[in-house]
Amino acid sequence: MRDKITVMISEKEINKRVREIAKQISHDYAKKEIRLICILKGSIFYTCELAKRLTIPVTLDFMKVSSYGSGTESKGTIEIQKDLDESIEGLDVIVVEDIIDSGNTLSHLIPLLKERKPASIGITTLLDKPSRREAEVDVDYVGFEIEDRFVVGYGLDYDQSYRDLPYIGEIRLDE
């Protein structure tokens, strides 16, 4: 399979925006420690780059929550495949997503996390596709708002391929 990928957001643009978001989070949580919850696998690149740029104390934990099959469309349900390793009770938490489109994943996940009694819970996403929204999600920090395109790179994949691209690209599948 030979797929065509067109650059939508360059590595330089991503790095600039991640620095801006880290600065805003550091300001908003000044004198606090935060726990970033990386939603695997797609958010790993964004989480790492964000954490490196924060000027406040930060710890990391990971969840694997799936709402996709092997295709390009959301299934509309979620499955927790890996839960947090540590309690978030009393902590200021920011959930880190790679992309929010339907909102179904987070609309199911956030209430579950709130039951664990964090001091606060915020959300950041590298990419937001509001035109695909089916469930309401309040996102605190958005990297880029994009049109309804299927994208890969910077952690986002198509059947586990293309995560390693340093940019966000639109993929056109060659069938």
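About the thresholds
- Residues numbered from 1 in each chain as written.
- Predicted model: local features only at pLDDT ≥ 70, side-chain atom pairs only at ≥ 80, totals over all residues.
- Heavy atoms only, no water.
- Patch = residues over 30% accessible without salt bridge, like charges linked within 9 Å, V, L, I, M, F, W, Y side chains within 5 Å.
- Areas by Shrake-Rupley, 256 points an atom, 1.4 Å probe, with all protein chains shown as cover.
- Salt bridge = Lys/Arg side-chain N within 4 Å of Asp/Glu carboxyl O.
- Lys, Arg positive; Asp, Glu negative; His and termini not counted.
- Charge placed at Lys NZ, Arg CZ, Asp CG, Glu CD.
- Helix = DSSP H or I, 4+ residues; strand = E, 2+ residues; numbered from the N terminus.
- Buried < 20%, exposed > 50% of the residue type's maximum accessible area, 1.4 Å probe, protein only.
- Axes fitted to C-alpha atoms, helices over the stretch in contact; angles between N-to-C directions.
- Parallel < 35°, antiparallel > 145°, perpendicular 65-115°, else oblique.
- Left-handed = near helix turned anticlockwise from the far one by under 90°.
- Contact = heavy atoms within 4.5 Å.
- Core = buried A, V, L, I, M, F, W, Y, C linked by side-chain atoms within 4.5 Å.
- Pairing = 2+ DSSP bridges.
- Phe/Tyr/Trp six-rings, centres within 6.5 Å; stacked < 30°, edge-to-face > 60°.

S.K.: Explain a negative patch on the surface here, please?
M.R.: A cluster of like negative charges, contributed by D28, E136, D138 and D140, occupies part of the molecular surface. Structurally, the position occupied by D138 is in the loop between β6 (120-128) and β7 (141-145).

S.K.: Can you walk me through the pattern of salt bridges in this structure?
M.R.: Pairing is possible between side chains of opposite charge, provided their charged atoms come close. If you walk through the whole model with that rule in mind, you get 14 salt bridges. Within the structure, one salt-bridge network assembled from shared partners comprises E147, R149, E170 and R172.

S.K.: It is not clear to me how unusual backbone geometry should be interpreted in this structure. Could you clarify?
M.R.: Trans is the prevailing form of peptide bonds, just as negative phi is the prevailing case for residues other than glycine. Residues L40 and K41 are joined by a peptide bond in cis, for which omega reads -5°. Notably, Y154 is not glycine yet its phi reads approximately 50°, a positive angle. Y154 gets classed as buried once you look at its relative accessible area, which sits at 6%. Despite not being glycine, Q160 has its phi angle at roughly 70°, a positive value.

S.K.: Explain the packing of helix α1 (residues 11-28) against helix α2 (residues 44-53) to me, please; I cannot follow it from the model alone.
M.R.: When two helices pack together, their arrangement is given by the angle between the helix axes and the distance between those axes. Taken N-terminus to C-terminus, the directions of α1 and α2 make an angle of 55°; their axes are 9 Å apart at the nearest point. Between α1 and α2, the angle falls in the class oblique. The handedness of the crossing between α1 and α2 comes out as right-handed. Seen from α1, the contacting residues are N15, V18, R19, I21, A22 and I25; seen from α2, they are Y46, E49, L50 and R53.

S.K.: Is there a simple way to explain the nonpolar core in this structure?
M.R.: One broad trend across soluble globular proteins is that nonpolar side chains are buried collectively. Formed by 26 residues in total, the largest nonpolar core has its most connected members in I25, L127 and I168. At the level of elements, α1, β2 (34-40), α2, β5 (92-100), β6 and β7 are the ones that each hand at least two residues to this core. In terms of residue count, α1 provides more of this core than any other element does, five residues in total. With residues near it in sequence (within four places) discarded, I25 still touches I34, L50, L54, I56, I94 and Y141. One finds V93, I100, I123 and V137 within the second-largest nonpolar core, a separate group that totals 15 residues.

S.K.: I'm lost on the environment of G169 in this one. Help?
M.R.: Secondary-structure assignment places G169 in strand β9 (residues 168-172). Once the C-alpha coordinates of G169 and T6 are considered, the two residues, 163 residues apart in sequence, prove to be 5.1 Å apart. Excluding anything up to four places from it in sequence, G169 contacts I5, T6, V7, M8, F150, V151 and V152.

S.K.: Would you explain the sheet that holds strand β1 (residues 4-9) in this entry?
M.R.: Strand pairing in a sheet takes place through backbone hydrogen bonds and is either antiparallel or parallel in direction. In space, the three strands of this open sheet follow the order β1-β9-β8, with antiparallel pairing throughout. In the strand order of this sheet, the two ends are held by β1 and β8 (151-152), each with one partner. Summarising the sheet, β1 and β9 pair through five bridges and their orientation is antiparallel. Within the sheet, the bridge partner assigned to V7 lies in β9 and is G169.

S.K.: What is the right way to look at the packing of aromatic side chains in this model?
M.R.: Where two aromatic rings form a pair, the distance of their centres and the angle of their planes describe that pair. Under the criterion given, the structure shown has two aromatic pairs. On the basis of an interplanar angle of 40° and a centroid distance of 6.1 Å, the ring pair of F45 and Y154 is categorised as tilted. Residue F45 is located in helix α2, and its partner Y154 is located in the loop between β8 and β9; the two are separated by 109 residues in the primary sequence.

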